[in-house]
Amino acid sequence: MHLNYSVKARDFTSAGSVSSAIKKVLKQLNIPPADIKRIIVALYEAEVNIVAHSYGGTIECELSHDRIELTISDEGPGISDLTMAMTEGYSTATEEVREMGFGAGMGLSNIKKNSDVLAIDTAADSPTIIHMTFNLKQGG
Amino acid sequence: MDSRSFFHHALTVDREKCRGCTHCMKKCPTQAIRIINGKAHVDPKRCIDCGVCMDVCPHKAIGIEQERFNQIFTYPRRVAIIPSLLIGQFEEEYSEEQIINALYDLGFTDVYYGEFGADILRVLGKSTSGYADETPVISSYCPAVIRLIQLSYPSLLPNVNLLRTPAQITALYVREKLEREGVDSEDIGIFYVSGCAAKVGQILTWKSKKNSLIQGGLNLDTLCNILLESVKKHSVNDKERRTYHPVPFITEQSFLWSLVGGESREMSHRTLAIDEIHNVTEFLELVEDDRHEEIDFLELRSCDTGCTGGILAPRNRFLATQRIRYQATKHPSSIPRELSDEILSFKDTLIREIKGERFPQHHALQLDTDPQRALVKLEKVNEIEKILPGIDCGLCGYPSCRTLSEEIAQGNASIRSCCVLKMKHPKQFSRLEKIWGDVIQKR
Ligand SMILES: Nc1ncnc2c1ncn2[C@@H]1O[C@H](COP(=O)(O)OP(=O)(O)OP(=O)(O)O)[C@@H](O)[C@H]1O
Ligand code: SF4
Ligand SMILES: [Mg+2]
């Protein structure tokens, strides 16, 4: 099953709303709580990154009974040095973003830690497309 | 079967009084209410006994189960365990001593404060938040919150503190004490006074077990009425009174225990006290996603202003809180030596029993236990939701178009229940029925 959401840039008041909507869906599917937790932690970080660092984007969720795939795409500006961005503690967050309580530089590494397969397609002045896969334990 | 794997629900709907007006259905925080054939029905799988429905019902059609008062007389030794909340229900012209003595007049042989259990723990030197596997530790005191976690946040069950409640610890202590005095265990009846539907349900659930700590419950509102009558009567012919019973021991801190912040106040680490069910839900979402900052202990209460906001507490919650605060100052701040020595003499038994059982999960949200079948149903739900008007009018008897879609997808309801579709596109029904299947309502 396919779910589709859009995420606005700079809209900190609704940052996290897509994650909560998807969490509700996952609970209805009787997916093991531990899996739901790691999926939502990773998704939330990616969602906030769209709000904090990009010009806006979309979140797509493909559900099957044993696997969840998330595609988080935005319209740029892209990440010029991905290795650097993946480093824990590295952040280019603006003062405004920090004031909202984000910008510890932990988002991308948390995404890596919680997903089973992670692919990030990005470059300077380009969109960023993050693809994550979560394999589910059987029998919730 | 684990005896905790079902809930005894205390809320009841009076079919005569219920007009099916949907007020309760719309306010229920767990979407547990349906209107079937014009009457409200509470789904026992989803109800957490928070009492919100009873509070909002304009026709007073929702009530709480009540045990007979006379049940206490089946026991020669009749112990009342009261919350300090009881004193808070009375205006200051009625002294604490008068209220306590009125309880003896009603037939109790012993009276203790439930929150005295917090003093017992203090004497035992036990940590009060160390009985959970995960942090933040969540208080196990409010049964409505625990049920909410069991139903909707099962991933947080390892965070629930398994420490018994102060009233249970008081009950343990009283039973030990009386047995040591030579009273036969079978002769002891311990009764707890509840100020909310959740606690009434909890006591009835405990009661259904064999070796329950507590033999029965009394509802606070009813007891207050009986007490008030008795207090008034006795103040008239006071001189006839022969024995005066002293106010049971409790420290000032423990007297404040059930007010917001009362449980967490003495803990040394980072704590947070949250009251009111929507606030609680909002915070549980954060905890579930690991976005709760560095909090060590969470005191969560379903009612606004904590237990003074309980549905069975008749007095205005702010006035009750005020009286409890004031009355607390009349109690000592430390425990006398003889009492702590006595408590310590029961140390082994008390410590052995201090931890309660684990709470099992009771998923209410899943569409099917099998994820694959659940997925098929979820697709159906989403398709049906697109057809429905999306205005959540409630005329179908379900709290939202989404819940109706879920029930249709699960084969529990028919698309014909939607009154708006019926008016707008009456001809479409047979076509829609072919797609989604018509169900003759089972209930
Ligand atoms: N979608 C994106 N578009 C452009 N740049 C991004 C995007 N996501 C991350 N970045 C860059 O990568 C850096 C690291 O991201 P990461 O999520 O790890 O930390 P953060 O967002 O700065 O802080 P935190 O996530 O801890 O609040 C960001 O500061 C930003 O420079
Ligand atoms: S807050 Fe207190 S009165 Fe309200 S439901 Fe919880 S335990 Fe009962
Ligand atoms: Mg980030």
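**Notes on helix α7 (residues 166-180) of chain B**
Residues and elements named next belong to chain B.
Okay, so step 1: For α7, spanning 15 residues, the distance from its first C-alpha to its last is 21 Å, which sits close to the expected 21 Å at 1.5 Å a residue.
Okay, so step 2: Burial runs high along α7: 12 of the 15 residues are buried.
Okay, so step 3: Listed as buried for α7 are Pro166, Ala167, Gln168, Ile169, Thr170, Ala171, Leu172, Tyr173, Val174, Arg175, Lys177 and Leu178.
Okay, so step 4: The first or second residue beyond α7 is Gly182, which carries a positive phi of 100 degrees.

**Concerning the nonpolar core**
Okay, so step 1: Membership of the largest hydrophobic core comes to 116 residues, with the highest contact counts inside it found for Leu86 and Tyr173 of chain B.
Okay, so step 2: Of all the elements, α7 of chain B adds the most residues to this core, at 7 residues.
Okay, so step 3: Those residues in contact with Leu86 of chain B that lie beyond four places of it in its chain are Ile99, Leu103, Leu220, Leu223, Cys224 and Leu227 of chain B.
Okay, so step 4: In this structure, Ala15, Ile40 and Leu108 of chain A together with Ile415 of chain B belong to the second largest nonpolar core, which totals 57 residues.

**Remarks on the pattern of salt bridges**
Okay, so step 1: Enumeration over the complete set of coordinates arrives at 27 salt bridges over all chains.
Okay, so step 2: Where Asp289 of chain B meets Lys23 of chain A, a salt bridge forms, and the shortest distance between an N and an O atom there is 3.0 Å. Highlighted residues: Asp289 of chain B in the loop between α11 (277-288) and β11 (297-301) and Lys23 of chain A in helix α1 (residues 17-28), drawn from two different chains. Of the two residues examined, Asp289 of chain B and Lys23 of chain A, each falls in the buried class.
Okay, so step 3: Salt-bridge contacts for Arg373 of chain B lead to Asp368 of chain B; the nearest nitrogen and oxygen are separated by 3.2 Å.
Okay, so step 4: According to the relative accessible area criterion, Asp368 of chain B is buried, its value standing at 11%.
Okay, so step 5: One continuous salt-bridge network, built from bridges that share partners, spans Lys23 and Lys27 of chain A together with Glu285, Glu288 and Asp289 of chain B.

**Topic: the domain arrangement of chain B**
All names here are of chain B.
Okay, so step 1: Under the domain assignment used here, chain B contains domain 1 (9-65), domain 2 (67-128 + 163-259 + 306-362), domain 3 (131-161 + 261-304) and domain 4 (366-443).
Okay, so step 2: Centre-to-centre, using C-alpha coordinates, domain 1 lies 26 Å away from domain 3.
Okay, so step 3: Interface of domain 1 and domain 3: buried area, both sides summed, is about 610 Å²; carbon and sulfur atoms make up 68% of it.
Okay, so step 4: Its largest share of buried area at the contact with domain 3, domain 1 owes to Pro29, Ile48 and Cys50, together 60% of the area lost on that side.
Okay, so step 5: Here Arg147 and Asp49 are joined by a salt bridge, their closest N and O atoms 2.4 Å apart.
Okay, so step 6: For the interface between domain 1 and domain 3, the tally reads 1 residue pair in polar contact (both at pLDDT 80 or more).
Okay, so step 7: Grouping the constituent residues of the side of domain 1 that touches domain 3 by class yields 5 nonpolar, 2 polar and 3 charged.

**Comments concerning the site of ligand 1**
All names here are of chain A.
Okay, so step 1: In the vicinity of ligand 1 lie 19 residues, with His53, Ser91, Thr92, Gly103 and Met106 positioned nearest.
Okay, so step 2: A distance of 2.5 Å separates an oxygen atom of ligand 1 from a polar side-chain atom of Thr92.
Okay, so step 3: Within the backbone of Gly107, one N or O atom sits 3.2 Å away from an oxygen atom of ligand 1.
Okay, so step 4: Burial of ligand 1 by the protein amounts to 93% of the accessible area it has alone, namely 590 Å².
Okay, so step 5: When atoms are counted within 2 Å of each cavity's grid points, the one that captures over half of ligand 1 is the largest pocket.
Okay, so step 6: Where the shell around ligand 1 is concerned, the elements lending two or more residues are α2 (33-53) and α5 (107-114).
Okay, so step 7: Ranked by the residues each element gives to the shell around ligand 1, the list is headed by α2, at 3 residues.
Okay, so step 8: Residue composition of the shell around ligand 1, by class: 8 nonpolar, 9 polar and 2 charged.

Each value, and the rule that gives it
Residues numbered from 1 in each chain as written. Chains lettered and ligands numbered in written order. Predicted model: local features only at pLDDT ≥ 70, side-chain atom pairs only at ≥ 80, totals over all residues. Heavy atoms only, no water. Helix = DSSP H or I, 4+ residues; strand = E, 2+ residues; numbered from the N terminus. Expected span 1.5 Å × (residues − 1). Buried < 20%, exposed > 50% of the residue type's maximum accessible area, 1.4 Å probe, protein only. Core = buried A, V, L, I, M, F, W, Y, C linked by side-chain atoms within 4.5 Å. Contact = heavy atoms within 4.5 Å. Salt bridge = Lys/Arg side-chain N within 4 Å of Asp/Glu carboxyl O. Domains from an automatic or database assignment. Buried area = accessible area lost by both parts, 1.4 Å probe. Polar contact = N/O pair within 3.5 Å; in protein donor to acceptor, adjacent residues only side chain to side chain. Nonpolar A, V, L, I, M, F, W, Y, C, P; charged D, E, K, R; others polar. Near = heavy atom within 4 Å. Areas by Shrake-Rupley, 256 points an atom, 1.4 Å probe, with all protein chains shown as cover. 1 Å grid on protein atoms, 1.4 Å probe; cavity = no way out; pocket = protein on both sides within 12 Å on 5 of 7 lines; lining within 4 Å. Sits in = over half its atoms within 2 Å of the grid points.

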